[in-house]
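The chain contents come next:
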Amino acid sequence: MTLIGCRLSCIGLLNRGQRNIHMFSNTAPSNWNKVVSDAEKIVGYPTSFMSLRCLLSDELSNVAMHVRKLVGTKHPLLNTARGFIYDSRNNLQMRGLVVLLMSKAAGPSQNTASDLISQDMVCGIYPSQRNLAEITELIHTAFLVHRGVVNLKEWTNSDGPLKDMQFGNKMAVLSGDFLLANACTGLAQLKNTKVLGLISSAIGDLVQGIYHEMPNSLEENSLTEDINMVTWEERTFLSHGALLAKSCQAAMELAKHDKDAQRLAYEYGKHLSLGHKLNSDLQPFMKSGSADGETFSLDSAPVVLHRQIIGQKRWRHQLQQAKTIGRQMDYAKLRSTIKLEGGVTSTMDLCRFHSSKALESIQRFPSSKARSALENIASAVTNF
Amino acid sequence: MNMAIQWRYCRKWFTGTRNLLEALDFFNGRFIKFSVYFNRGTGPVPGFGKMGLSSKYLFTSYLHSSILTRHKSRLPYLRFSPVCSNRIHSDAKLQDPFFLAQKDLNNFYDDIRKELFVSKSELNSLCDYYFDGTGKAFRPMVAVLMGRACNIHNNKSGDLLPDQRSVAMISEMIHTASLVHDDVIDGSDRRRGKSTINDVWGEQKAILAGDFILSVASMALARIGNDSVVSVLSQVIDDLVRGEFMQLGSKEKEDERFKHYLEKTFKKTASLIANTCKAVSFLGSIDPDVHEIAYQYGRNVGIAFQLVDDVLDFTSCASQLGKPSATDLRLGLATGPVLFACQQFPELDAMIMRRFSSRGDVDLAWQYVLESDGVDQTNFLAQRYCQEAIRQVSLLHPSPERDALIRLTEMVLTRDK
């Protein structure tokens, strides 16, 4: 009883702050929430999969108790925790939802030799597929938490006491590991080593993708490193697409659907993720005026495409011009320079391309509410 | 190549220790008051059952007093009780575990590095960092010996199966991934005589490297394609994390504290060894009794291994262990020697509760432990676990590998690093 009370008060504390982490992207299109909440009704129950087993465990309540100590510090774990609580209330756990919709759209197993019984299905989804959806969310959240580990040597005294950061790191590592360990035991319980292989490789992909996102030791590296769109797509697939693509494929494997169905499900997950990332990369360039102070990554799609269009030489020149006397980057100025060229519209075209590829890949599944929901989600990524 | 040097080195310390031990046949026995609390979660403390659980007085032996004062060099050592030693403990028949395991562990770390290969070169060097062949390779050694012992027990053909070797690799990868994360959690900057990954590349990348090693281990596990093997090895991952969580809290009541400590020890150290043994036995035999023997051997050796590790934290000087001693106290952890010492010196109780956080706590606690019987009691407990491990593995058909596993328990007790 006291534990629950404590957890609630922790949640209260965390919610007081401003939220700045979203589960799926940095910005969501306006009708996104509607598409999602319509889709959730189709799969049977609200998509707060993060299993109760996990949330109510002694381990996480221990963390919740300790995270309270971090209130008032600058440790990123605090924001992650806030985002997590916000999002589990607003049902934005997209990956799990897509896995469930895909499972339902593909329907019961056609393989008569398999020992799957369609009576076991709830709302047209096998229990193992529901577990998989939950595992996908566990892995995603584990990495949200692990991303928030800070490098202690880069921490200066003016940022606050080092002790708080050490403690925050400890909590972040432990809770991320806890979620991953639960994912591992969940995968083992599926008793399907193909699925274990797929999801493990997705974890490896995710690590590599996040590793690419980390600043290199040379600060200027990201500016000089010649990232073209091929590299961009490879890296973005690793960090944002592999988990969803492989989870969708694994959902097909669990229902013993054939290789073709597995490939299509994978394609849907891949193109949806890429489309979604392009959409979120575009956001800083879509608003006019109000968000002038907003920074953006120089590795984001519109910048990379811009750079590819105008060439390396002109790009360096533009970068020089956008720097203020204090060698600080004037992002508002850089943004308007980029908006003058074709990088932004090329990004929109690319986003539409991935959206249509995602739509195309599910056309072989029979028409159903679940398939329409997947179509709506794929279409929604082109709302800029 | 590196590993060959390591083998030679290990063998050297092993033979050296044995000679010393043979000279130590003189013991003083006496009664001391201590209570051992039994741990339901990880099974009873072996060997104590016969003496009656209700008895709080247990017989223990002391080393010759001249040895007692030399805490830092060698562990106090007791001869095993004659349960098995008469039959299999004669030196001529014993096999050298390092020699026997070597043929299966050729290129072991090269093969792990091949598994871990990624195109991104920096991530590669982080992942390879601890697979340089300078580790003790204790876990892989237990795994391959147990694999062969089970195979011989089952079908008389002793060759290690490729999948059993994979289990040994996976086990070492899981172990290393957890070390990488532990070093971030504890803020350590040294391990195995070199800087830790977090010290060189920062905490963010260290965590990712640990996660990556785990994912590769998990992929290798999937390739074995055996659901039972998957199940026991993922249990290890779960236990490791739960064990780490257990270290966060301290229990108020003394008896709870000991139980908590043994359970934590099982989860953080013994589970990996026990379940690795079980996994190789799954692949070598279909007999559930064999699986249980393998598991119990690993569990008991694993707990003994950690108990000795906790002793070494007090008795070993910094250079030997590759990390500064009394590390556990500095981290606020009360291990076996402290918990035993607390029964003689109740002053330690308050320090344990505040996790040695006040000024001077660490030094004072250290003094108390060395003045108490804590170190000897912990060693004694480790011996009991090893005896149980020997009893278990002796149930397998005789083989050089089985005898090597028996001999390995001695090495666990006498290691000084």
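Residues numbered from 1 in each chain as written. Chains lettered and ligands numbered in written order. Predicted model: local features only at pLDDT ≥ 70, side-chain atom pairs only at ≥ 80, totals over all residues. Heavy atoms only, no water.

Going by what an unreviewed UniProt entry lists, chain B is known as All trans-polyprenyl-diphosphate synthase PDSS1 and is assigned to Umbra pygmaea. Taken from UniProt, the Sequence similarities (unreviewed entry) comment for chain B reads in full: "Belongs to the FPP/GGPP synthase family." What the UniProt record of chain B gives under Pathway (unreviewed entry) is the line "Cofactor biosynthesis; ubiquinone biosynthesis." (UniProt positions renumbered as here; feature names shortened; annotations may be inferred.)

Per an unreviewed UniProt entry, chain A goes by Decaprenyl-diphosphate synthase subunit 2 and derives from Umbra pygmaea. One UniProt comment on chain A, placed under Sequence similarities (unreviewed entry), says "Belongs to the FPP/GGPP synthase family."

S.K.: Which residues make up the interface of chain B and chain A, and what values go with them?
M.R.: Of the residues lining the interface, 35 residues belong to chain B; the matching set on chain A comes to 43 residues. Of the roughly 3,700 Å² buried at the junction of chain B and chain A (both faces included), carbon and sulfur atoms supply 68%. Considering only the surface of chain B that becomes buried against chain A, Gln204, Leu208 and Phe245 of chain B emerge as the three largest contributors, covering 19% of it. At the surface where chain B touches chain A, the tally comes to one salt bridge. (Contact = heavy atoms within 4.5 Å. Buried area = accessible area lost by both parts, 1.4 Å probe. Salt bridge = Lys/Arg side-chain N within 4 Å of Asp/Glu carboxyl O.)

S.K.: Tell me about the nonpolar core, and name the residues and values.
M.R.: Formed by 200 residues in total, the largest nonpolar core has its most connected members in Leu101, Ile139 and Tyr268 of chain A together with Met146 and Tyr297 of chain B. In terms of residues, this core owes the most to one element, helix 13 (residues 288-315) of chain B, which gives 14 residues. Split by domain, the residues of this core number at least three in each of domain 1 (1-14 + 27-108 + 121-191) and domain 2 (216-384) of chain A. Excluding its chain neighbours within four sequence positions, the residues that come into contact with Met146 of chain B are Cys277, Val280, Ala294, Tyr297, Val393, Leu396 and Leu405 of chain B. Phe296, Ala322, Leu334 and Ile338 of chain A belong to the second-largest nonpolar core, a separate cluster that totals 14 residues. (Core = buried A, V, L, I, M, F, W, Y, C linked by side-chain atoms within 4.5 Å. Buried < 20%, exposed > 50% of the residue type's maximum accessible area, 1.4 Å probe, protein only. Helix = DSSP H or I, 4+ residues; strand = E, 2+ residues; numbered from the N terminus. Domains from an automatic or database assignment.)

S.K.: Tell me about the state of the cysteines, residues and numbers included.
M.R.: All chains considered together, the criterion is met by zero disulfides over all chains. Between Cys248 of chain A, a cysteine without a disulfide, and Cys351 of chain A, which holds the nearest cysteine sulfur, the sulfur-to-sulfur distance is 18 Å. (Disulfide = S-S within 2.5 Å.)

S.K.: Report on the packing of helix 13 of chain B against helix 16 (residues 336-344) of chain B, specifying residues and quantitative values.
M.R.: Two packed helices can be described by the angle between their axes and the distance between those axes. Residues and elements named next belong to chain B. Axis separation between helix 13 and helix 16 bottoms out at 8 Å; the angle between their running directions is 75 degrees. In terms of orientation, helix 13 lies roughly perpendicular with respect to helix 16. Across from Asp310, Val311 and Phe314 in helix 13, the residues of helix 16 making contact are Gly336, Pro337 and Val338. Class assignment for the residues of the contact of helix 13 with helix 16 results in four nonpolar, one polar and one charged. (Axes fitted to C-alpha atoms, helices over the stretch in contact; angles between N-to-C directions. Parallel < 35°, antiparallel > 145°, perpendicular 65-115°, else oblique. Nonpolar A, V, L, I, M, F, W, Y, C, P; charged D, E, K, R; others polar.)

S.K.: Lay out a negative patch on the surface in plain terms, naming residues and giving numbers.
M.R.: All names here are of chain B. Judged by side-chain charge, Glu252, Glu254, Asp255 and Glu256 come together as a negatively charged surface patch. Take Glu256: it is sitting in helix 12 (residues 254-284). When its relative accessible area of 35% is taken as the criterion, Glu256 is described as partly exposed. (Patch = residues over 30% accessible without salt bridge, like charges linked within 9 Å, V, L, I, M, F, W, Y side chains within 5 Å. Areas by Shrake-Rupley, 256 points an atom, 1.4 Å probe, with all protein chains shown as cover. Lys, Arg positive; Asp, Glu negative; His and termini not counted. Charge placed at Lys NZ, Arg CZ, Asp CG, Glu CD.)

S.K.: Account for the domain arrangement of chain A, naming residues and giving values.
M.R.: Residues and elements named next belong to chain A. The domain architecture assigned to chain A consists of domain 1 (1-14 + 27-108 + 121-191) and domain 2 (216-384). Contact with domain 1, which involves 28 residues of that partner, is made by 33 residues of domain 2. For the pair domain 1 and domain 2, the summed buried surface comes to about 2,400 Å²; carbon and sulfur atoms form 78% of the total. In this assembly, domain 1 and domain 2 are joined by three residue pairs in polar contact (both at pLDDT 80 or more). Of all the secondary structure elements, the ones that give two or more residues to the side of domain 1 that touches domain 2 are helix 2 (32-42), helix 6 (94-106) and helix 7 (127-147). Sort the elements by how many residues they give to the side of domain 1 that touches domain 2 and helix 6 lands first, with 10 residues. (Polar contact = N/O pair within 3.5 Å; in protein donor to acceptor, adjacent residues only side chain to side chain.)

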